[in-house]
Each structure stands twice: as structure tokens, then as C-alpha cells.
Amino acid sequence: MALSLHLSLSHKNFSNPFASFSPTTKLPTTIHINSHLLKSIHSKPYYIKKCHAVADAPTAIPPSLDAEDDAHGVLIGPSSEEERRGDGVVVDYNWTEEWYPLYLTKDVPDDAPLGLNVFDKQLVLYKDGQGELRCHEDRCPHRLAKLSEGQLIDGRLECLYHGWQFEGEGKCVKIPQLPANAKIPQSACVKTYEVKESQGVVWVWMSLKTPPNFEKVPWFENFARPGFQDTSTIHELPYDHSVLLENLMDPAHIPISHDRTDWTAKREDAQALRFEVTERTHRGFAGRWGKEKDQKLLSFLRFQAPCVLSNDIEFADEKGVTQYFTGLFLCRPTGQGKSMIIVRFGATKRPQMAKVIPKWYFHQNACKIFEQDMGFLSSQNEVLMKEKVPTKELYINLKSSDTWVAEYRKWMDKVGHGMPYYFGHNTISLPEVPAVVEHAPAGLVAGVSASSPAKGGIGTMHAPNVNNRYFRHVIHCRGCTSVVKNFQAWKNALSAISVALTALAILASGRQWKTFLLVSASLCLAGVYACSTAIAMNTTNFIRTHRRL
């Protein structure tokens, strides 16, 4: 999907872009070490192979790179003196001491618990009796049943296995099987995680040992501006969050992968791009990008640890008033080969057409964009798992398209030792337990897996398949869930009315009445068709025409 089709590669009237936020945390200790020492420093295995480095810098191509392969200097070279020497840079990092985006606040259910993952940690999110957001480990201390499979009773979380109930702080307050006058054991409690709602998103602090650092909660300046409006969607995806982030920071693929999805993407517009890295820290990187021929680089991209990507544009409208646009991507690792993303596109000024188009249309379009990328991104994830080598051994990174990808993988080299697993540019640390790679289907298989709006059964809309649009988006979105139910209700009602009108037309004696009833029945059938089309748009996977063969 990259920076979305809504971020056109051409913004002729825009001025310099605007950065939405900057890191506020202190810089930890930075350690420079030679690459051959990395393996002895960390407990996890690292795989390092001598090869030319990948990063953006106006330096000569290293001797190890075949000159014939890069006769015109199109490949990315080392970005620092340490990298040219083959040294590694490692910084203090602990993946649990970060805030991760869990859900859109507006979509958190009021009457049921919600099961979510951060890496391999299973969490349950819910609202207590006072409407406060609560988050626990998704495991009952009794017999390890998932609490997210339970229910809410008077604001308490109840395990449906034996009825144990827990209050917001994690304390067990009811065990139906206890003898009379027996006390509930103190050990009968669940681990509790700190959550915070900020700018419409629920964030979770994953450390149970370190108090939450609220200064690390991301803040997006544009979203706080007067008149700023956004369209937000949430999606589950069948590939690793690092593959997802790569795709989002890759504007070069938009004209090809999303050709004609809307007016901003045309394959004949595929061209060389220009990137300027303006900031590199242990918390991420930032810079500007645009077409190679543009005098000004109009878009400002920022990657913020652990998994936030924003692209901002600042421009003056026809009245000279400064307007702001942000494409925001909040990515959450949900396990090996899986991820979840919150997508937020917002601006202080929106086209008039966008005000009349229903939100569900934008949501289904976002689903289509992810589905256009899904097949090859899940296959990329599969290759990374099978090859077991750093990305510089696999990728051919071009200066004119892959600068952000190289920057991201090299950031992984710095902090990956503090993650459960990672794929870096020069180093990797494989998962301790091999993943079951879920390869997204393409073509007819994808269509069949999400074709029928009927509950139950393999191959229907409601089949529990992460490649299915219904399970990837609709069940997580209150708006789209309501829209699908409403269209289904209208479809059923119009179908019944059309049958009744047709029957009355048969019984009617007058010619005028027959005509009127049959025309009315036809209009109802047209309404049935329109409702069916709307349901299909919200629940059926996109299939490329050539994949139907």
C-alpha cells in the first residue's frame, strides 16, 4: 500500500512538508562494535556475511561491489563511516518498554472483551463498568482458558470455562466453585497492562516490570489542529509487521501495484524518486522525498519506534491559508507472519466530494489496496523465513526507490537484539519457534474464500480466514459491521416486498394495476441488486483480472 494512493507522487501546489511529531525520549547509550563481535555479545544467533552495505550516502561504491552491477551508481552505498568499516552500532533497547497501538477507541466493543496480540503476547481489552479501558493477559489463572472468549458481567470480566470473574485491576472477585466462607486465593489474579487512549487510539505499555513512560506515547500535531478531520480504518494482515512497514514506506510501487485504483496511481507514472535523509537516531529516521525531477521534496516521512510511520504535507490553498495533510500508519506485530494496522488519513481541508461519499466506501477501498499487495507481501515474508539471512543478502536496493527500506532494516540492526525476533540489513535473529507462514491466496481461491454472505462453513464470508476481508476488517470496524447488517436487512425486506408485489400483480384484474405492481416489484429487485452489490463491496476480496484465468 505504501504511502497510500491518496499521497500522489505529484503535489504541484504544496510548500515544504511538515513533520507531525518528534521523539521526546532520552538517547540511550550507543555502542560501536565490529560486526564479527555481534554474535558473541547477544544470546540470540546472528547471521552476518561480508557484503557491500546498503544505505544512502554520496560515497563511492565499496570495492566488494561488482562495478559492472553498478556502473551508473544506482545502488545504495554505506551511510556512515562505521558501516564502511564493517562495524555494527547497537543501542540499548527493550521492545516491552514501548507503547503499541491496540485499537481505534471508537471500535472497542462496549459489551464484550476483545482478544489482541503484541508479538506473541496475548492480551484481552475491554471496558469495565465505568467505561474505563482495561487490559490483561488473555489467560485465566485457573486453567489457562482465553478470557477474550468470555463475557462481561456488571463490568467484570468473566471466564466462560468456570465463571471466575476479574475486576479492572486484575483481582479475582468471584469463584462459583469455592465452598461457603472460603477466601479467594491471592494468586487468583491476572497480569494487568497499562493502557492509554490518545487522539482516538488505544495504546498499551508492554512492560510488567518498568513503569509506563507516558512521554513515549506518540503525539501527532496535525491531528490536534482545528478543523482537522480523518478517515481511520483497521486491518489484520497475513505477513510480518516489518514487511508491512517496508511496503508502507515504499512509494515507488504505487503506480505498478495500484494502477488505476484511483486517479493518483497510473503505471505509466512509474519513475525514479529522490530521497533525502534528514535525521537518524536510535528512535528511527526521517526525511523528505518526491519525484527526481521536482525542485522541492514535498513529502516528509518519519519512522518512529517501535512501529509508527507518518507522511506529512504542508501546502497553501488558493486563499493562501496553510493546510496540512497526514497519512498515518500505526503497525502492530501480532505474531510471526502476522500484523495489524491502523490507517489514518486526515487533513485540515477536504474535497467537497469526500464529504458526501459514505465512509464505508473509503474503508472498502482501503481493503482493496491491501489485497492488491497481499499476495506478494506474504510470499516475501515466506522467503525471509526460509532463507534465514540478512536482507542485504537478498535485496537489491536502488537509490531511486528503496532508501527508506534500507534505512528501516539498518535501524533494525541497531535495536533488533531487544526484540523477540527481527530481520535486519546486516544481521538477523530468528524466532525461537518457527512460524506457520500463512501465504495469502491469489486469484479465484481468494474470491471463493470470501464470496458468500452467509454464516458458517468453509469458503464463506464468515470463515475464520485472515485472508478474508470480513475477518481482516469488517469485524474490527463498528461502522462497516453496521453497514453490512443494514444492507442485508434492506435486501431481505426488498426481496420479500418484490415477491408480494409480484403475487398481487398476478391476482390483479386491471391492466393498470398489473403494470404498477410489476414496475414496483422491478424497482424493489433493483434495490435488492444494489444492496447485494454494497455487501459484496464490503466483504469480497479484490482479484486482479489476469488472476481469474
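Residues numbered from 1 in each chain as written. Predicted model: local features only at pLDDT ≥ 70, side-chain atom pairs only at ≥ 80, totals over all residues. Heavy atoms only, no water.

- The protein chain carries the name Rieske domain-containing protein in an unreviewed UniProt entry, which gives Populus tomentosa as its organism.

A word on the packing of aromatic side chains
Thinking step 1. All chains considered together, the criterion is met by 22 aromatic pairs.
Thinking step 2. Centroid distance Trp99 to Trp205: 5.5 Å. Interplanar angle 55 degrees. Geometry classified as tilted. With a gap of 106 residues between them, Trp99 in strand E3 (residues 99-104) and Trp205 in strand E12 (residues 201-205) connect regions that are remote in the sequence.
Thinking step 3. With a centroid separation of 5.7 Å and an interplanar angle of 80 degrees, the aromatic rings of Trp360 and Phe487 are classed as edge-to-face. With Trp360 in helix H6 (residues 359-387) and Phe487 in helix H10 (residues 478-507), this residue pair connects regions lying 127 residues apart in the sequence.
Thinking step 4. Given a relative accessible area of 16%, Trp360 falls into the buried group.
Thinking step 5. Through pairs of rings, three or more aromatic residues link up here, namely Tyr93, Phe275, Phe285, Phe303, Trp404, Tyr408 and Trp411.
Thinking step 6. Here the basic side chain of Arg225 rests over the ring of Tyr324, its NZ or CZ set 3.7 Å away from the ring centre. (Phe/Tyr/Trp six-rings, centres within 6.5 Å; stacked < 30°, edge-to-face > 60°. Helix = DSSP H or I, 4+ residues; strand = E, 2+ residues; numbered from the N terminus. Buried < 20%, exposed > 50% of the residue type's maximum accessible area, 1.4 Å probe, protein only. Lys NZ or Arg CZ within 6 Å of the ring centre and 35° of its normal.)

Observations regarding the sheet that holds strand E6 (residues 133-137)
Thinking step 1. Spatial strand order, E4-E5-E6: 3 strands in an open sheet with antiparallel pairing. The open sheet is flanked by strand E4 (114-118) and E6, the only strands paired with a single partner. Strand-to-strand twist of the sheet, defined as the mean angle between neighbouring strand axes without regard to direction, takes the value 35 degrees. (Pairing = 2+ DSSP bridges. Axes fitted to C-alpha atoms, helices over the stretch in contact; angles between N-to-C directions.)

A short note on H10
Thinking step 1. The end-to-end C-alpha distance of H10 is 44 Å, a good match for the 44 Å that 30 residues give at a rise of 1.5 Å each.
Thinking step 2. Within the sequence span of H10, burial applies to Cys480, Thr481, Val483, Val484, Leu494, Ser498, Leu501 and Ala505.
Thinking step 3. Buried residues in H10 make contact with H6 and helix H11 (511-539). (Expected span 1.5 Å × (residues − 1). Contact = heavy atoms within 4.5 Å.)

With respect to the sheet that holds strand E10 (residues 172-174)
Thinking step 1. An order of E7-E8-E9-E10 is seen for the 4 strands of this open sheet, with the pairing classed as antiparallel. With partners counted over all chains shown, the strands left at the sheet margins are strand E7 (151-153) and E10, one partner each.
Thinking step 2. Relative to E10, strand E9 (residues 165-166) runs antiparallel, the two being bridged by 2 bridges. Directly across from Gln165, in E10, lies its bridge partner Lys174.

Here's the deal with the packing of helix H3 (residues 241-248) against H6
Thinking step 1. Where H3 meets H6, the axes come as close as 10 Å, and the angle between the chain directions of the two elements is 130 degrees. Looking at the two axes, H3 sits oblique to H6. For the element pair H3 and H6, the recorded crossing hand is right-handed. Of the residues in H6, those touching H3 at Val243, Leu244, Glu246 and Asn247 are Phe370, Asp373, Leu377, Gln380, Asn381 and Leu384. (Parallel < 35°, antiparallel > 145°, perpendicular 65-115°, else oblique. Left-handed = near helix turned anticlockwise from the far one by under 90°.)

Focus: the UniProt feature "transmembrane region" (unreviewed entry) in the protein chain
Thinking step 1. What UniProt calls "transmembrane region" (unreviewed entry) maps, in this numbering, to residues 515-537.
Thinking step 2. Structurally, residues 515-537 comprises 100% helix and 0% strand, and the distance from its first C-alpha atom to its last is 33 Å. (UniProt positions renumbered as here; feature names shortened; annotations may be inferred.)

What to know about the nonpolar core
Thinking step 1. Counting residues in each nonpolar core, the largest one holds 78 residues, and the members touching the most others are Leu102, Leu125 and Val204.
Thinking step 2. In contact with Leu125, not counting residues within four places along its chain, are Leu102, Tyr103, Val108, Ala112, Pro113, Leu114, Leu116, Leu133, Arg134, Cys135, Val195 and Val202.
Thinking step 3. Formed by 13 residues, the second largest nonpolar core is a distinct cluster that contains Val124, Cys140, Cys159 and Phe166. (Core = buried A, V, L, I, M, F, W, Y, C linked by side-chain atoms within 4.5 Å.)

Describing the confidence of the model for the protein chain
Thinking step 1. Looking at the protein chain, the pLDDT average stands at 82 and 79% of residues meet or exceed 70.
Thinking step 2. This model gives residues 437-464 a pLDDT under 50, and the stretch forms 62 contacts once residues within four places in sequence are excluded. (pLDDT = per-residue confidence, 0-100.)

Section: H6
Thinking step 1. Across its 29 residues, H6 extends 41 Å between first and last C-alpha, which sits within 8% of the 42 Å expected from 1.5 Å per residue.
Thinking step 2. For H6, the principal kink sits at Met374 and spans about 45 degrees.
Thinking step 3. Just downstream of H6, Lys388 is the residue with a positive phi angle, here 60 degrees. (Bend = angle between axes of the 7 residues up to and from the residue.)

Overview of the pattern of salt bridges
Thinking step 1. What the rule picks out here adds up to 19 salt bridges.
Thinking step 2. Lys386 serves as the salt-bridge partner of Glu382, at 3.1 Å between the closest nitrogen and oxygen. Within this pair, Glu382 and its partner Lys386 are both found in helix H6, separated by 4 residues, close to a single helical turn.
Thinking step 3. Taking the relative accessible area as the measure of exposure, Glu382 reaches 22% and is therefore partly exposed.
Thinking step 4. Relative accessible area serves as the criterion here: at 57%, Lys386 is assigned to the exposed category.
Thinking step 5. The network of salt bridges with shared partners includes Asp110, Lys127 and Arg478. (Salt bridge = Lys/Arg side-chain N within 4 Å of Asp/Glu carboxyl O.)

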